[in-house]
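# Notes for the structure review
Next come the chains, spelled out residue by residue.
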Amino acid sequence: MGQAFRLLSALYHDEPMLEIWSPEATVADWLRVESALALAQAETGLLAREDAEAIAAACRPELIDLDELWEGARTVGYPILPLVRQIAGQLPPGPDGRVHYGATTQDIMDTGLALQLVRSCDRLVELALELGDALAALTESGAGLVVAARTHAQQAVPTTFGAKTAVFLGEVTRELAELRRLRPVVGVVSLFGAGGTNAAMGEDAARVRAGLARRLDLVDTEVPWHVARDRVARFGQVCSLLAATCVRFAREVVDLSRTEVGEVAEQDGHHRGASSTMPQKANPISSEAVIGYGVAASGAAGLLARAMEAGHERSSGEWQIEWLAVPQVAEYTAAAVRLTAGTAESLRVFPERMRANLRLDGGLLMSEALMMRLAPALGREKAHDLVYAAAVRARAEGEDLVSVCARDLPDDLREEIGPLDPSGYLGEAAAVASGAVREWKTVRNGGGD
């Protein structure tokens, strides 16, 4: 079966996540569910042991003709009936009539989905750990590296590079904890039959479901979720938050690597980020890809809220939204996190350029510091107005802020203000960096939940 060509995925996909959602892995999960169902039914006596074992032996991926399966699925609208027919076709009379016994299509597909969602959570946890470790290293190494904090894209006050990356680390720390909490939420068995009552399996229905959950290492439930898709939507929400954090970091890298700023850059390499016409270019290509992936992941996650609108005991089209959106959310998020982790790990940081940028604009970066130094004597509002006026003149005249401001001060205050060093106005920046790293290490090692 042909696959659509997606350029971004061809360049930067996460192979383990693609494998989880591949056609082959998806069908293998359905087969695993059918096999486990038969064996669980044998435990309760609903099926003979020899019939269940024969069914389990026939539920092997190499016995399935995928082209025939998809052709049949296009006719039926769903893939399980043609899958069951192929399994039964491998069996002699007797066990061939016990395949998929009492189950419905969505039981098999949703239980298979739960297996895929669990593996997706595991992969995303692996990637989040890589990203968090890289951010923690940046935060520790940059804890004392003074840089301009920027608000509304303009220099605001001094901070440290470590305090800046600590905020990203805090986000990833919370998202790692969410991913771990999400795993048992989405890893829930589905076996409730045609209308959610599981009547076809009789009085042993609950025992069969419990046995199926145990065999697949999934969580059992007493409440059907054929149309209750909040767990799937929750997966999308957690992924979209993690993807959005990656986008925010990517935009930071793009902005700080601008020629006029030049404080960081992605890893170097021959022709990395090169232009076909401008030989000097070294574009932040990984960060650009992260933005594409992350925005697309959030968009796909939004579709899962619409899939929750299914009515009665079976959806009429809402389920099909998930068939498109869930693999996209998982694949795009994984690729975004993997790329972001690589960027954070290999990021080039330029302290000299950071120091030079602190001196831009005649020291106006220290306006708040100057205001707070004058506030005890003048009051905050008067000090604000005085420094504001001095800032306007300093910018217009191209002079230093402190020198301009000193002209309007009495001698005793003029002597007090003195030079203003950005490294002396960092507030809690050191504590922010160390606190973020400490929290990361706690959550990384399984604590803090």
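Residues numbered from 1 in each chain as written. Predicted model: local features only at pLDDT ≥ 70, side-chain atom pairs only at ≥ 80, totals over all residues. Heavy atoms only, no water.

Just so we agree on the cut-off: UniProt positions are given in the numbering used here, feature names are shortened, and annotations may be inferred rather than shown by experiment.
Looking at an unreviewed UniProt entry, the chain carries the name Adenylosuccinate lyase family protein, with the source organism given as Actinomadura rugatobispora. As stated in UniProt under Sequence similarities (unreviewed entry), the record for the chain gives "Belongs to the class-II fumarase/aspartase family."

## Focus: the overall build of the chain
Put simply, the rule reads: Counting from the N terminus, the helices are DSSP H or I runs at least four residues long and the strands are E runs at least two residues long. What the globule rule says is 2.2 Å times the number of residues to the power 0.38, and the radius of gyration is computed from C-alpha atoms. Only protein chains enter the accessibility calculation, which uses a 1.4 Å probe. A residue is then buried if its area is under 20% of the maximum for its type, exposed if over 50%, and partly exposed in between. Contacts are residue-level and defined by heavy atoms, with any inter-residue pair within 4.5 Å sufficient. Residue-level accessible areas treat just the shown protein chains as cover; the underlying method is Shrake-Rupley with a 1.4 Å probe. For this count, His and the chain ends are skipped, Lys and Arg are scored as positive, and Asp and Glu as negative. Throughout, a charge is located at the NZ atom of Lys, the CZ atom of Arg, the CG atom of Asp or the CD atom of Glu.
Helices and strands together make up the secondary structure of the chain, namely 18 helices and four strands. A compact globule built from 449 residues would reach a C-alpha radius of gyration of about 22 Å, whereas the chain, at 30 Å, exceeds it by more than 25%. If one aligns the C-alpha atoms of the chain with their principal axes, the spans along those axes are about 105 × 50 × 35 Å. Looking at the chain residue by residue over its 449 residues, the buried ones come to 49%. For the chain, restricting intrachain contacts to residue pairs at least 6 apart in sequence, the fraction spanning at least 24 positions comes to 76%. With the model as given, the accessible surface of the chain reaches about 21,000 Å², and the carbon-plus-sulfur share is 53%. Seen as two clouds, the 44 positive and the 62 negative side-chain charges of the chain have centres 2 Å apart.

## Quick look at the pattern of salt bridges
How we decide: For salt bridges, the criterion is a side-chain nitrogen of Lys or Arg within 4 Å of an Asp or Glu carboxyl oxygen.
Scanning the entire structure with this criterion turns up 30 salt bridges. With its nearest N and O atoms 2.8 Å apart, the salt bridge here joins Glu-43 to Arg-214. With Glu-43 in helix 3 (residues 23–44) and Arg-214 in helix 9 (residues 205–216), the pair connects residues that are 171 residues apart, well separated along the chain. Classification of Glu-43 by relative accessible area gives partly exposed; the value is 34%. In this structure, Arg-123 engages Glu-126 in a salt bridge whose closest nitrogen and oxygen atoms are separated by 2.9 Å. Taken together, the residues Arg-123 and Glu-126, both in helix 7 (residues 105–141) and three residues apart, mark about one turn of the helix. A single salt-bridge network, built from bridges that share partners, covers Asp-14, Arg-123, Glu-126 and Arg-338.

## Some thoughts on unusual backbone geometry
Of note in this structure, Ala-153 is not a glycine but carries a positive phi near 70°. As for its placement among the helices and strands, Ala-153 is situated in the loop between strand 1 (146–151) and strand 2 (154–160). With phi around 60°, Asn-198 is a residue other than glycine that occupies positive phi space. Taking the relative accessible area as the measure of exposure, Asn-198 reaches 3% and is therefore buried.

## Examining the UniProt feature "domain: Adenylosuccinate lyase C-terminal" (unreviewed entry) in the chain
As recorded in UniProt, the feature "domain: Adenylosuccinate lyase C-terminal" (unreviewed entry) lies at residues 362–437. Its end C-alpha atoms 34 Å apart, residues 362–437 is made of 68% helix and 0% strand.

## Thoughts on the environment of Arg-393
By secondary structure assignment, the location of Arg-393 is in helix 15 (residues 380–397). The spatial distance from the C-alpha of Arg-393 to the C-alpha of Cys-405 is 8.9 Å, given a sequence separation of twelve residues.

## Overview of the side chain of Thr-104
Looking at where Thr-104 falls in the secondary structure, it is placed in the loop between helix 6 (80–89) and helix 7. Of the residues examined, Thr-104 reaches a relative accessible area of 16% and is grouped as buried.

## Overview of the nonpolar core
Convention followed: Side-chain atoms within 4.5 Å link the members of a nonpolar core, which is a set of buried Ala, Val, Leu, Ile, Met, Phe, Trp, Tyr and Cys residues.
Trp-21, Leu-131, Leu-135, Phe-161, Phe-235 and Val-326 are the most contacted members of the largest nonpolar core, which has 71 residues in total. Those residues in contact with Phe-161 that lie beyond four places of it in its chain are Leu-138, Gly-142, Leu-145, Val-147, Leu-256, Val-264, Leu-347, Val-349 and Met-354. Listed in part, the 43 residues of the second largest apolar core include Ile-55, Leu-69, Leu-83 and Leu-218.

## Here we look at helix 12 (residues 318–346)
Inclusion rule: Multiplying one less than the number of residues by 1.5 Å gives the expected span of a helix. The bend at a residue is defined as the angle formed between two axes, one fitted to the seven residues ending at that residue and one fitted to the seven starting there.
Taking 1.5 Å per residue as the helical rise, helix 12 with its 29 residues ought to reach 42 Å, and the 42 Å between its terminal C-alpha atoms agrees with that figure. Of all the bends in helix 12, the greatest reaches close to 30° and is centred on Ala-325; the proline Pro-327 follows between one and four positions later.

## Observations regarding the side chain of Ser-286
Summarising the element assignment, Ser-286 is placed in helix 11 (residues 285–307). With relative accessibility at 6%, the residue Ser-286 sits in the buried group. For Ser-286, the contacting residues outside a window of four places in its chain are Glu-266, Arg-272, Leu-339 and Thr-343.

## As for the packing of aromatic side chains
Aromatic ring pairs are defined here through the distance separating the ring centres and the angle between the ring planes. Rules: Two rings from Phe, Tyr or Trp (for Trp, the six-membered ring) form a pair when their centres are within 6.5 Å of each other. A pair whose planes differ by under 30 degrees is stacked, one over 60 is edge-to-face, and the rest are tilted.
The final tally for this structure, using the stated rule, is six aromatic pairs. Here the aromatic rings of Tyr-78 and Trp-319 are separated by 5.9 Å at their centres, their planes lie at 25°, and the arrangement is stacked. Remark: Trp-319 occurs in helix 12 and Tyr-78 occurs in the loop between helix 5 (66–76) and helix 6; sequence separation between them is 241 residues. When its relative accessible area of 7% is taken as the criterion, Trp-319 is described as buried. Here the aromatic cluster, defined as three or more aromatic residues joined through ring pairs, consists of Tyr-78, Trp-319 and Trp-323.

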